[in-house]
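Examining the three-dimensional arrangement
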Amino acid sequence: RFFFFFEMARQQHSRVQQDLRKVSGELFSLTYGALVAQLVRDYESDEEINRQLDKMGYNIGIRLVEDFLARNVGLGRCYDFKSTAEVLAKNGFKTFLGVVPTIANWDQKQEEFSLVLEQNPLTDFVELPEDHPELLYSNIICGVIRGALEMVQLDVKVWFLQDSLKGDETTEIRVKFIRKLEDAVPAGED
Amino acid sequence: MTCYFVIVGHNDNPVFEMDVPKAAEGSKTEDRRHLTQFVAHAALDLVDEAKWQHGNLFLKTVDRYNDLTVTGFVTASQMRFILVSDSSRNTNENLRSFFLEVYELFIKALLNPFYTPNTPISSANFKKKVQQAAKKYL
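The following paragraphs examine the structure supplied in this document. (Residues numbered from 1 in each chain as written. Chains lettered and ligands numbered in written order. Predicted model: local features only at pLDDT ≥ 70, side-chain atom pairs only at ≥ 80, totals over all residues. Heavy atoms only, no water.)

With respect to helix α5 (residues 139-151) of chain A
All names here are of chain A. What counts here: The secondary structure listing takes helices from DSSP runs of H or I that are at least 4 residues long and strands from runs of E that are at least 2 residues long, numbered from the N terminus. Take the residue count of a helix, subtract one, and multiply by 1.5 Å to get its expected span. Burial classification: accessible surface area is computed with a 1.4 Å probe over protein chains only, and a residue below 20% of its type maximum counts as buried, one above 50% as exposed, and the rest as partly exposed.
Along its 13 residues, α5 runs 19 Å from first to last C-alpha, staying within 8% of the 18 Å computed at 1.5 Å per residue. Burial within α5 is extensive, with 10 of its 13 residues counted as buried. Turning to α5, its buried residues number three or more, namely N139, I140, I141, C142, G143, V144, I145, G147, A148 and L149. Residue Q153 follows α5 closely and has a positive phi angle near 70°.

With respect to the interface of chain A and chain B
Rule in force here: The contact definition used throughout considers only heavy atoms, calling two residues in contact when any of these lie within 4.5 Å. Summed over both partners, the accessible area (1.4 Å probe) lost when two parts come together is defined as the buried area. Side-chain atoms alone can form a polar contact between residues adjacent in sequence; in general such a contact is a pair of N or O atoms within 3.5 Å, and within protein one must be able to donate a hydrogen while the other accepts it. The nonpolar class holds Ala, Val, Leu, Ile, Met, Phe, Trp, Tyr, Cys and Pro. Asp, Glu, Lys and Arg form the charged class, and all remaining residues, Gly among them, are polar.
At the junction of the two partners, chain A supplies 13 residues and chain B supplies seven residues. Here chain A meets chain B over a buried area of about 840 Å², counting both sides, of which 71% is carbon and sulfur. Among the residues of chain A in contact with chain B, L30, F125 and E127 of chain A are the three that bury the most area, contributing 60% of the side total. Connecting chain A to chain B are three residue pairs in polar contact (both at pLDDT 80 or more). Its residues placed into classes, the side of chain A that touches chain B shows 11 nonpolar, one polar and one charged.

Examining unusual backbone geometry
The phi torsion at N105 of chain A lies on the positive side, around 55°, for a residue other than glycine. Locating N105 of chain A in the fold gives a position in the loop between β1 (102-104) and β2 (112-117). Positive phi outside glycine occurs at N118 of chain B, with the angle close to 75°. Along the polypeptide, N118 of chain B turns up in the loop between α2 (92-110) and α3 (124-137). Exposure remark for N118 of chain B: the relative accessible area of 22% places this residue in the partly exposed category.

Focus: the nonpolar core
Cut-off, in case you're wondering: In plain words, nonpolar cores are sets of buried Ala, Val, Leu, Ile, Met, Phe, Trp, Tyr and Cys residues tied together by side-chain atoms within 4.5 Å.
By size, the foremost hydrophobic cluster in this structure holds 45 residues, and its most contacted members are L115 and I145 of chain A together with F114 of chain B. Of the residues forming this core, the biggest block, eight residues, is contributed by helix α4 (residues 81-97) of chain A. When residues no more than four places from it in sequence are discounted, the contact partners of I145 of chain A are L88, F93, L115, V158 and V175 of chain A. The next biggest cluster of nonpolar side chains, apart from the first, holds 27 residues, and it includes F73, L83, F98 and A109 of chain B.

Here we look at the sheet that holds strand β4 (residues 171-180) of chain A
Residue and element names in this part refer to chain A. Selection criterion: Strands were regarded as paired on the criterion that DSSP finds at least two bridges between them. Axes here refer to lines fitted to C-alpha atoms; in helices the fit is confined to the stretch in contact. Angles between the N-to-C directions go from 0 to 180 degrees.
In space, the four strands of this open sheet follow the order β1-β2-β4-β3, with antiparallel pairing throughout. At either margin of the open sheet sits one strand with a lone partner, and together these are β1 and β3 (154-162). Neighbour to neighbour, the strand axes of the sheet diverge by 30° on average, direction disregarded. Examined bridge by bridge, β1 and β2 share three bridges and lie antiparallel to one another. What sits directly across from I103, in β2, is L115. Sheet strands touched by α4: β1, β2, β3 and β4. Its angle to β2, the strand with the most contacts, is close to 20°.

This is the structure in structure tokens:
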């Protein structure tokens, strides 16, 4: 259901008209807001809500990456984690959220980096309620990144370092490379 | 110069209230507060009558009580903004600008997915912005 709205926003994008895209951007934010508000009503703990958002994001991500690769035919294989990060930020985020985060804070082994978002289209007009201090409103993004990268054989851990909704200066998502996934032959078939 | 601003919901419930006092005066302010609330409440009927008379959002002066003037503004979703002020210093233009600015802030607050319409607005951010608007126009 949520994936459908991603699609709708994308179809509007290809129609060149700036105004149409703006309207659907608001609809997108409002829809996501209604989704999170409903989750807040349904679940008790913030941790549970965050987990649900991550799960939803994961389901979106595993499907979204196919669509992404189909739309950006010119993109070849990434040979290292650094180019993966660049494609993720410059193409992935741009295509679906319309914003390009800056890549920052690489660690020494070049296996971890941060995506810093100046503005987050999901959080236009949102103010976090007082009684949910641990809620990660945009946690769905973490799930999407994790799911999408898993489909291209990368196992990563994604989490929020800073969230501007909570009062931090910017929104910062950390991505850490765990391992490369090898396609395993299912047990029983030999 | 004191002003009392209230946003009234569909069930005559106050959704947002704010005083713009000149100086705190202890118990005198408390009495005055009761009075202004009473005047605002009494003016609700007049606001409802006035809003059907023409298609404008800004209702100008709706009622007078001794030295207090009541001005009204109704939004597209029938939320009523009522301002009770004791000074005649506010021109219609200023009041209209104030109401329009609060209207914009109100719409933004409404777009917050965690806010249910017709319930009290508890956002500190909204309160601060309305106070700024009040300073600017009143």
